[in-house]
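# Summary of the model geometry
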Amino acid sequence: MEIIICPDAERVGEVAAAVVARVAVAVGPSVVLGVATGSSPLALYENLAKRVAAGTLDLSDAQAFALDEYVGLPAGHPESYAEVIRRTVTEPLKLDPARVHVPDGRSEGLSGAGQRYEDAIAAAGGVDVQILGVGANGHIGFNEPGSSLASRTRVKTLSQRTRDDNARFFDSVDQVPTHCITQGIGTILAARHLVLVATGAAKADAVVGLVEGPVTSMCPASALQLHRFATVVCDEPAAAKLALADYYRQCFDEQLDWQKLDV
Ligand code: F6R
């Protein structure tokens, strides 16, 4: 796992975008992106949007697959992840809306929705680069602690902690849905590159768990330790509990020329 510690959240966005852009350029126009919602990747998306506007990155033929969706929100609800992805990813990155996929959280047909999403990812040839945030409880996607490390896209019950954390997007916690449909940890691990961003002191426990803790379903993000190409980009407060922080800084400072990012 590659760990990059940045001075602040803005730099996290710039560096993580450089990692994503490097994969996208290497793969070519048909790159398949995996995209997360939440606050963590917003600076990353803004930086990618600047690259698209400047003409150094063309995503018009790219496909994108969102990690997760709430169950039961009406179509067009501003906090549905379909809408969040449209506002924060599809429009700023100039993606073709027909090539952007979000799990189907409508109540009808829900039992088959996970497999249909897995099939769509497979039909696209798999995800080339998956962007991730991490929950304060160590979740990735909506895979709460206790989720199988081999899980695939399916319906899950949100933990009270996650509903409380996400209440800031709704008028009250009672309006936060109780269920979601999320890519599984096995689905996420099947992406060819993973880029996880984490900022702020509230993520320090999750970051130390995922980078230096045991691989355990109690910290779903620790599954990234099993991936060949996983990059974690975090700011100083999120990195505060890492025992090997100095070594990670040394690795970044001593990168060989061909390893250096175009930040
Ligand atoms: C979002 C997602 C979640 C978030 C996580 C962190 O699609 O899957 O795992 O990445 O809850 O959320 P923020 O970034 O808002 O702290």
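Data block above holds the structure.
For the structure given in this document, a descriptive report is provided here. Position numbers for residues start from 1 in each chain and track the written sequence from start to end. Local features are withheld for residues below a pLDDT of 70 in this predicted model, meaning they are given only at 70 or higher, and side-chain atom pairs are given and counted only at 80 or more; totals for whole chains, interfaces and linings count all residues. Heavy atoms from the whole structure form the basis of all side-chain values; hydrogens and water molecules are not counted.

Here we take up the overall build of the chain. Check the secondary structure of the chain and you find nine helices and 10 strands. Taking 2.2 N^0.38 as the reference for a compact globule, 263 residues should give roughly 18 Å; the C-alpha atoms of the chain span a radius of gyration of 17 Å, in line with that estimate. Considered along the principal axes of its C-alpha atoms, the chain spans approximately 55 × 40 × 35 Å. Only protein chains enter the accessibility calculation, which uses a 1.4 Å probe. A residue is then buried if its area is under 20% of the maximum for its type, exposed if over 50%, and partly exposed in between. Counting across all 263 residues of the chain, residues that qualify as buried make up 52%. Helix and strand labels come from DSSP, where a helix needs a run of H or I of at least four residues and a strand needs a run of E of at least two; each type is numbered from the N terminus. As defined in this context, the radius of gyration uses C-alpha atoms, and a globule is described by 2.2 Å times the residue total to the power 0.38.

Let us now look at the site of the ligand. By convention in these notes, a residue is near a molecule or strand provided one of its non-hydrogen atoms lies within 4 Å of it. With respect to spatial proximity, 15 residues lie near the ligand, and among them Ser40, Asp68, His139, Gly141 and Lys203 are the closest. Contacts described as polar in this section are N or O atom pairs within 3.5 Å, which, within protein, must combine one atom able to donate a hydrogen with one able to accept it, while residues neighboring in sequence count only if both atoms come from side chains. In this structure, serine 40 approaches the ligand through a side-chain N or O atom, which is 2.4 Å from an oxygen atom. Arginine 168 is positioned with one of its side-chain polar atoms (N or O) 2.9 Å from an oxygen atom of the ligand. The protein chains hide 92% of the 410 Å² of surface that the ligand would expose on its own. Three categories are distinguished: nonpolar for Ala, Val, Leu, Ile, Met, Phe, Trp, Tyr, Cys and Pro, charged for Asp, Glu, Lys and Arg, and polar for the others, with Gly belonging to the last. Broken down by class, the residue content of the shell around the ligand amounts to four nonpolar, eight polar and three charged. Method for areas: the Shrake-Rupley scheme with a 1.4 Å probe, in which residue coverage is limited to the protein chains shown.

Now for the sheet that holds strand 8 (residues 179–182). Read from one edge to the other, the open sheet built from three strands follows the order 4-8-7, with strand pairing classed as antiparallel. The sheet is open, and its two borders are formed by strand 4 (68–70) and strand 7 (154–157), each paired with just one other strand. Each strand axis lies, on average, 30° off the axis of its neighbour in the sheet, ignoring direction. DSSP-based pairing: two strands are paired if at least 2 bridges between them are found. Strand direction decides the pairing type here: strand 7 and strand 8, joined by four bridges, are antiparallel. Across the sheet, residue lysine 156 finds its bridge partner in strand 8, namely cysteine 180. Whenever a helix is involved, its axis is fitted only over the stretch in contact; in every case the axis is a line through C-alpha atoms, and angles between N-to-C directions fall within 0 to 180 degrees.

Whenever Lys or Arg places a side-chain nitrogen within 4 Å of a carboxyl oxygen from Asp or Glu, that contact is recorded as a salt bridge. Considering all chains together, one arrives at 11 salt bridges under this definition. For the salt bridge of glutamate 14 with arginine 11, the shortest nitrogen-to-oxygen distance reads 2.8 Å. Taken as a pair, glutamate 14 and arginine 11 lie in helix 1 (residues 9–27) at a separation of three residues, close to a single helical turn. With a closest N to O distance of 2.7 Å, glutamate 83 and arginine 86 form a salt bridge. Taken together, the residues span about one helical turn, with glutamate 83 and arginine 86 both in helix 3 (residues 81–90) at a distance of three residues. Put simply, Glu83, Arg86 and Glu91 are held in one network by salt bridges that share partners.

Moving on, we get to unusual backbone geometry. Backbone geometry places lysine 94, a non-glycine residue, at a positive phi of 55°. Relative to the elements of secondary structure, lysine 94 occurs in the loop between helix 3 and strand 5 (100–101). When its relative accessible area of 55% is taken as the criterion, lysine 94 is described as exposed.

What follows covers the sheet that holds strand 3 (residues 63–66). Strand order across the open sheet formed by seven strands is 1-10-9-6-2-3-5, with parallel pairing between neighbours. The sheet is open, and its two borders are formed by strand 1 (2–6) and strand 5, each paired with just one other strand. Here five bridges tie strand 1 to strand 10 (residues 230–235), and the two strands are oriented parallel to one another. For glutamate 2, the partnering residue across the bridge sits in strand 10 and is threonine 231.

To form a nonpolar core, buried Ala, Val, Leu, Ile, Met, Phe, Trp, Tyr and Cys residues must be joined to one another through side-chain atoms within 4.5 Å. Judged by nonpolar contacts, the single largest core of 68 residues is most densely connected at Leu44, Leu59, Leu196, Leu210, Leu224 and Leu242. When residues of this core are assigned to their parent elements, the largest contribution, 10 residues, is made by helix 1. Leave out the neighbours within four places in its chain, and leucine 196 touches Leu132, Gly133, Val134, Ile140, Leu210, Leu224, Thr231, Val232 and Val233. If you look at the next biggest cluster of nonpolar residues, it comprises 10 residues, including Tyr70, Leu158, Ala167 and Phe170. Whether two residues are in contact is decided by their heavy atoms: any pair within 4.5 Å suffices.

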